[in-house]
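Observations on the model geometry
The chain contents come next:
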Amino acid sequence: MRIFFPLIVWLSLVVVGGSLLSSSGPAHAHGVDPSLPQAQEAEPTPFGCVSNARLTSSINRTGFNELTAVEAISTNDLWAVGLYYSPTTAVYQTMLLHGDGTQWSHIPGPDPTRNRVKAISAVSSTDVWAVGEVLGRTLTMHWNGTQWMVIPSPNAGTGFNQNVLNGVAAISSNNVWAVGSYRDGNNQPYERALILHWNGTQWSIVPGPDPGEENTSLLAIDAISATDIWAVGTHAPYYYSSAPFTLHWNGIEWKEVPNPGNGALVSVSAAASNDVWAVGTYSYYYTERILIMHWNGAVWSVVPAPNPNKTGPSRLTGVTAISAGDAWAVGSFGANYYGDGSNLEELALHWNGTAWAIVPNLGQGKLNGIDAVSSARVWAVGSTGIPISTLVEQWDGARWNQRSSPNPGPATNFLTGVDGVSSDDLWAVGNYDTIFGPDFVRRKTLIEHWDGTAWSIIPSPNSSTYDNTLVDVAAISTNDVWAVGTLGSSFKHYETLFQHWDGTEWSIVPSPLVGSYYEEVPSLAAVSANDVWAVGYSQEDFAWRRTLIEHWNGAEWTVIPSPNPGIDNALYDVTAISANDAWAVGFVADDEYSRARPLILRWNGNQWNVDSLPPLAGNFRLSAVAAVSANDVWAVGSGGMGFQEVKTLTMHWNGSAWSVVTSPYVSGVDSYLNGISAVSTNNVWVAGTYYTGGGAGPLLMHWDGAGWSFVSSDTPGGLTNRFSDIVAFSETDVWAVGDYSSGVPNRTMAQHIGRFSDVIPGEYFYRPVNWLVSRGAVSGYSDCTFRPQNNTTRAQLTKIVTLAKGWAPVNPVRTTFTDVSRSNIFFRFVETAVAHGIIGGYPCGNPEPCDETSRPYFRPNAAVTRGQLAQIIVQAQDWPLLDPANPTFADVARGTTFYRHIETARSHGVLGGYACGSPEPCNSQNQPYFRPGSSATRGQIAKIVYNAVTSP
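Summary of the structure given here. (Residues numbered from 1 in each chain as written. Predicted model: local features only at pLDDT ≥ 70, side-chain atom pairs only at ≥ 80, totals over all residues. Heavy atoms only, no water.)

Attention now moves to the pattern of salt bridges. If you walk through the whole model with that rule in mind, you get 19 salt bridges. Between glutamate 903 and arginine 906 there is a salt bridge; the shortest N-O distance is 3.5 Å. With glutamate 903 and arginine 906 both in helix 5 (residues 899-907) and three residues apart, the pair spans about one turn of that helix. (Salt bridge = Lys/Arg side-chain N within 4 Å of Asp/Glu carboxyl O. Helix = DSSP H or I, 4+ residues; strand = E, 2+ residues; numbered from the N terminus.)

See below:
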């Protein structure tokens, strides 16, 4: 492993939005000891300095996350409950979200085991109840304003039983009701209604009416007062039918109240004693239709309601009654309730006092619960999409607006391939698990794009209801990218999957079917838009694998014949040099008892041929290949002898023959190389993984023309960290992708090797620093660091600005400043800045002594302040000064030294401030702070200078 030792040197710096102190005078005229050493130029980052890889923020799809109920205590005090699936524990867990009116946050529950919360109700902000079930037992939880706690609750069933609470109504601190059902497998195989009451000290079971039919369940409850409470649900009067079940509490006992409906009521809400709404579903020719019922103080009646789906199912799952002329009901409709849920549409109905009407223009998904603070503050929650994610909608009095909400339930995510047109146009592909239940997991395609600033997920199609995965990607141009993988099938295990990006969207492109049992193409390589190769293998039933090579000619994919020198043959990677020169690598075995050996095929423009290899004693496979030229090709893989550890394998083609090149490996464990990228003869990169007893570590290797060496990388996973592929654009712009975990689930991993190990893609100064380096305005330290948090001196800033602006250097005979002599390494930069009128100095005598000509002092080693930086940038850009009547920043008042320069720079979008409250106090306008006297860091200066110089 190559190790660099840092040199403590002064570092020249290019700053974004920074400027030197002008002749108008300093912001702080504090004294600077003139005996301080002259600022030293940083030692440039040496050629061949390879920094370590650093993690960037790649994206992960979530798993199963669904909200079932919402409670609006006030405008800025909201609770939503639901459940998510945890791959770590392989069970569903309670999800508790709290909203402050602006954003939602996930609040951890008290018990990480298998539990589900279904309903919530609040007495106040510090007295909230949530109910559900845990492992077939009733679950009641209480929020005291600080934490959630599980409160013991009784269960009606004995023996093999199932107890669940579906609804809760909190009237006061000593009067809370919860309803649900229980089942006793020993004595009572059918569901029976369950009613619990909290008296301020404990929960107890309260008897209720029992229709005595096959199944009876209470699904919701709402209270008008302590003596006026409604509970609703369903019961089965006879086989294969159901009817609404409505109970009323009069303060003394629960009584069943007849109703004329059929089906099931799942939600109830009361505006008054004579104005109660209940909603649910009923069956109409085996199709679910929405059901709305109303209590007028004397009888229940079915109220006509529009059905959005004339032929398919639709259902209502939540209702809230605000007043006699204002009520909402929510649910969903779609072609198939029992599929993956991706085809469901949100449904919202509104009651205006006369009729129910559908409120259009909601999106995909389903709404499960609803509550209101007022007519202009209504909240609805549910789930949407694939993967299943939380859904929060808010009615503001005029329209429904979807709000961002957390998704604590993760999914397993993998990145397996990476390629790009440039460092600002990068693609990574893989897959993630969609979770519909503990035994219902399907893999879906995952495509991410890097635009130079951040990773984003790009929607990609999935043609199979079984697994869909992507393995590799090849980028030809901005609007011509291919991805390849596999998809599950009902008549064979896996088929090839080809997807294409046309600059707007990803689409599936048909490919030939070859193997009747299995076919896979794990690699792509492109010569041009109409010359693309894909390689892999196919397999018939109960047969050995055969090499598979497909070619894209600009119009279609076709299978190209390929040799099979052994009984078992497979190709794992391909590289294309020209239309007449391509290489494919993998392995071959002569019989079922023999060890595998490397397989290399070469395309000569007419056919694929087996290429000869040096003899290798042991079991070896090649997994990746890359070419610098026709006479400079690398192939990598792994192998070993007998029961020894698996070691890395690197092989090189020099135009005449293949040879094995010694490469490092992790001793005592198995090491595998998975991906390779070749920039030049002395710049080749390889990514892989080594496996320990219960985990995995990342492997990065670099070829510098003389030998291979390990390059260190981040290890975010506590258990596994694996690299699957790598792409290098230059020696200082390399990306490696894979996955990591600390158990379950796996998360995507993207790491970058740049000029500096501490200048990472996604940081605000990443692009500015590299831009300034390219202009020679800044450099780094010999340990491959830039140290963006270090302060910058005034002399260093003159160099950054003058080089960023491209000004010709000035070299006057007479020096301007007493403390910047001609021997100073920054002399010409300082004098150039003076000539352009962007800096000034400090009069001698305060405190520095005056010389015979009373020249001013520059104080080259003093740290640049943010106020000085703003002034220099504005003057360097020659922007007209603004003088707004109202200041932007709380700590930069109108009329102060840098006020006009700071306001001018802000108006051009080159700098910003700090939000109040961290730590400065907020004023009545919540104005941000600029901190004009604080030192400007190297990263800040790089960003401000870059923004200013490159601005229109």
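Now, onward.
Applying the stated criterion across every chain, the model contains two disulfides. There is a disulfide in this structure between cysteine 844 and cysteine 850, and the S-S distance comes to 2.0 Å. Given an S-S torsion of about 95°, the disulfide between cysteine 844 and cysteine 850 has right-handed geometry. Exposure remark for cysteine 844: the relative accessible area of 16% places this residue in the buried category. (Disulfide = S-S within 2.5 Å. Buried < 20%, exposed > 50% of the residue type's maximum accessible area, 1.4 Å probe, protein only.)

With that settled, the discussion passes to the packing of helix 2 (residues 794-805) against helix 4 (residues 866-877). Interaxial distance between helix 2 and helix 4 falls to 12 Å at its minimum, and their mutual angle equals 25°. When the axis of helix 2 is compared with that of helix 4, the two are roughly parallel. Every pair of crossing elements has a handedness; the one defined by helix 2 and helix 4 is right-handed. Across the interface between the two elements, Arg794, Leu797, Val801 and Lys805 from helix 2 touch Gln868, Leu869, Ile872, Ala876 and Gln877 from helix 4. (Axes fitted to C-alpha atoms, helices over the stretch in contact; angles between N-to-C directions. Parallel < 35°, antiparallel > 145°, perpendicular 65-115°, else oblique. Left-handed = near helix turned anticlockwise from the far one by under 90°. Contact = heavy atoms within 4.5 Å.)

What follows is about the sheet that holds strand 16 (residues 243-249). By way of backbone hydrogen bonds, the strands of a sheet pair with one another, either parallel or antiparallel. Taking strand neighbours across the sheet as the criterion, the four strands line up as 14-15-16-17 in an open arrangement whose pairing is antiparallel. Strand pairing shows two members of the sheet lacking a second neighbour, strand 14 (216-225) and strand 17 (254-256), which therefore form its edges. On average, each strand axis in the sheet is tilted by 25° relative to the strand beside it, whichever way the strands run. Relative to strand 15 (residues 228-235), strand 14 runs antiparallel, the two being bridged by eight bridges. Paired with alanine 223 across the bridge in strand 15 is isoleucine 229. (Pairing = 2+ DSSP bridges.)

All right, on to the side chain of serine 713 then. Note that serine 713 resides in the loop between strand 53 (708-710) and strand 54 (720-730). A residue is classified by how much of its surface remains accessible, and serine 713, at 18% relative accessible area, is buried. Every residue in contact with serine 713, bar those within four places of it in the chain, is listed here: Ala53, Pro698, Leu700, Phe723 and Gln751.

A few words now on the sheet that holds strand 44 (residues 597-603). With antiparallel pairing, the four strands of this open sheet are ordered in space as 42-43-44-45. At either end of the open sheet lies a strand with only one pairing partner, and these are strand 42 (568-578) and strand 45 (608-610). The mean inter-strand angle of the sheet, taken between neighbouring strand axes irrespective of direction, is 25°.

Here we take up the side chain of aspartate 611. Mapping aspartate 611 onto the fold places it in the loop between strand 45 and strand 46 (619-629). Among buried Asp, Glu, Lys and Arg side chains, aspartate 611 stands out as unpaired, with arginine 602 the closest opposite charge at 5.3 Å. A polar contact is formed between the side chain of aspartate 611 and the side chain of tryptophan 658, at a distance of 3.3 Å. Among all residues touching aspartate 611, those that are not within four sequence positions of it are Trp583, Ile600, Trp653 and Trp658. (Lys, Arg positive; Asp, Glu negative; His and termini not counted. Polar contact = N/O pair within 3.5 Å; in protein donor to acceptor, adjacent residues only side chain to side chain.)

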